[in-house]
Amino acid sequence: MALTLLSGLRRLNRTIAILVGVLLLACVVFVLADIVLRQMGSSLGGTDEISGYVMAIATSWGMAFTLIELGHVRIDILRGRATGGVRALFDLTAMLALAVTVTLIAVRGWPVLSRSLANSSRANTPLETPLALVQAPWLAGWIWFALVSWLTFVAALTLIARRDFAASEAAIGTFGELDALK
């Protein structure tokens, strides 16, 4: 079950990553169009603001993909010297710390969005972008990251409880320079 859950999360996050990539590509086209128009004496305006919003949204959604693909960086000086079960406990502790931290960020993000909705807040820029339009997908990305973190933690805990340390390491481990040389 744990491996099926991780496999499903990997597939879903890859789909999300493609959608985020399309969003980034659209942003690139928008910025390039603005650059070309500026050369002709005109401008779409707001490209810096919109690209900033897109980057914030892409980052929040991309974090879960990076987690599943083992792309997050950790300091692993102790882990690299450990074996089997101890290594798995280091990985599990790191995963728990990440899940708790990301959950806290998601929980603290809700009042920001809630206040923007209640006040109909707009950006203090020429575009006057309704902030909730940006904050909602941004917060959804953090919530998704928190959910993926907890599901990954539970899957890894299940694998460790079964003493399947190799599968646990493949799911939440970190591979440093020493591992790359082997």
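Residues numbered from 1 in each chain as written. Predicted model: local features only at pLDDT ≥ 70, side-chain atom pairs only at ≥ 80, totals over all residues. Heavy atoms only, no water.

Turning our eyes to something else, we now look at the UniProt feature "transmembrane region" (unreviewed entry) in the protein. UniProt annotation of "transmembrane region" (unreviewed entry) refers to residues 16-38, 50-68, 89-110 and 139-160 when read in the numbering used here. As a span, residues 16-38 carries 100% helix and 0% strand, and end to end its C-alpha atoms are 33 Å apart. Helix makes up 100% of residues 89-110 and strand makes up 0%, while its end C-alpha atoms are separated by 32 Å. (UniProt positions renumbered as here; feature names shortened; annotations may be inferred. Helix = DSSP H or I, 4+ residues; strand = E, 2+ residues; numbered from the N terminus.)

A cluster of nonpolar residues, Leu-25, Val-28, Val-29, Leu-32 and Ile-35, forms a patch on the protein surface that exposes about 460 Å² of accessible area. Mapped onto the elements of the fold, Val-28 is located in helix H1 (residues 2-39). (Patch = residues over 30% accessible without salt bridge, like charges linked within 9 Å, V, L, I, M, F, W, Y side chains within 5 Å. Areas by Shrake-Rupley, 256 points an atom, 1.4 Å probe, with all protein chains shown as cover. Salt bridge = Lys/Arg side-chain N within 4 Å of Asp/Glu carboxyl O.)

Here we come to the nonpolar core. Leu-92, Trp-144, Phe-145, Val-148, Leu-159 and Ile-172 are the most contacted members of the largest nonpolar core, which totals 27 residues. With 10 residues, the top contributor of residues to this core is helix H4 (residues 131-161). In this view, Trp-144 contacts Leu-9, Leu-12, Asn-13, Ile-16, Trp-61 and Ala-64; residues no more than four positions away in its chain are not counted. (Core = buried A, V, L, I, M, F, W, Y, C linked by side-chain atoms within 4.5 Å. Buried < 20%, exposed > 50% of the residue type's maximum accessible area, 1.4 Å probe, protein only. Contact = heavy atoms within 4.5 Å.)

Contact geometry of H4 with helix H5 (residues 165-172) gives a least axis separation of 8 Å together with a crossing angle of 165 degrees. Taken together, the axes of H4 and H5 lie roughly antiparallel to each other. The handedness of the crossing between H4 and H5 is left-handed. Where H4 approaches H5, its residues Thr-152, Ala-156, Leu-159 and Ile-160 are matched on the opposing element by Phe-165, Ala-167, Ser-168, Ala-171 and Ile-172. By residue class, the composition of the contact of H4 with H5 is seven nonpolar, two polar and no charged. (Axes fitted to C-alpha atoms, helices over the stretch in contact; angles between N-to-C directions. Parallel < 35°, antiparallel > 145°, perpendicular 65-115°, else oblique. Left-handed = near helix turned anticlockwise from the far one by under 90°. Nonpolar A, V, L, I, M, F, W, Y, C, P; charged D, E, K, R; others polar.)

Here we come to the layout of surface pockets. In this structure, the largest pocket encloses a volume near 200 Å³. What lines the largest pocket is a set of 13 residues, and nearest its centre among them are Leu-67, His-72, Arg-74, Leu-98 and Ile-172. Secondary structure elements with two or more residues in the lining of the largest pocket: helix H2 (47-68) and helix H3 (84-119). For the lining of the largest pocket, the leading source of residues is H3, giving three residues. (1 Å grid on protein atoms, 1.4 Å probe; cavity = no way out; pocket = protein on both sides within 12 Å on 5 of 7 lines; lining within 4 Å. Points joined across faces, edges and corners; volume = space filled by probe spheres on them.)

Within the structure shown, the criterion is met by four salt bridges. Close ionic contact of Arg-14 with Glu-69 constitutes a salt bridge, the shortest N to O distance being 3.1 Å. Here Arg-14, found in helix H1, pairs with Glu-69, found in the loop between H2 and H3; they are 55 residues apart in sequence, far enough to count as distant. Among the residues examined, Arg-14 registers a relative accessible area of 42% and is labelled partly exposed. Residue Glu-169 pairs with Arg-87 through a salt bridge whose shortest N-O separation is 3.4 Å. Of this pair, Glu-169 sits in helix H5 while Arg-87 is found in helix H3, placing the two residues 82 residues apart along the sequence. For the pair Glu-169 and Arg-87, one class covers both residues: buried. Residues participating in the shared-partner salt-bridge network are Arg-10, Arg-14 and Glu-69.

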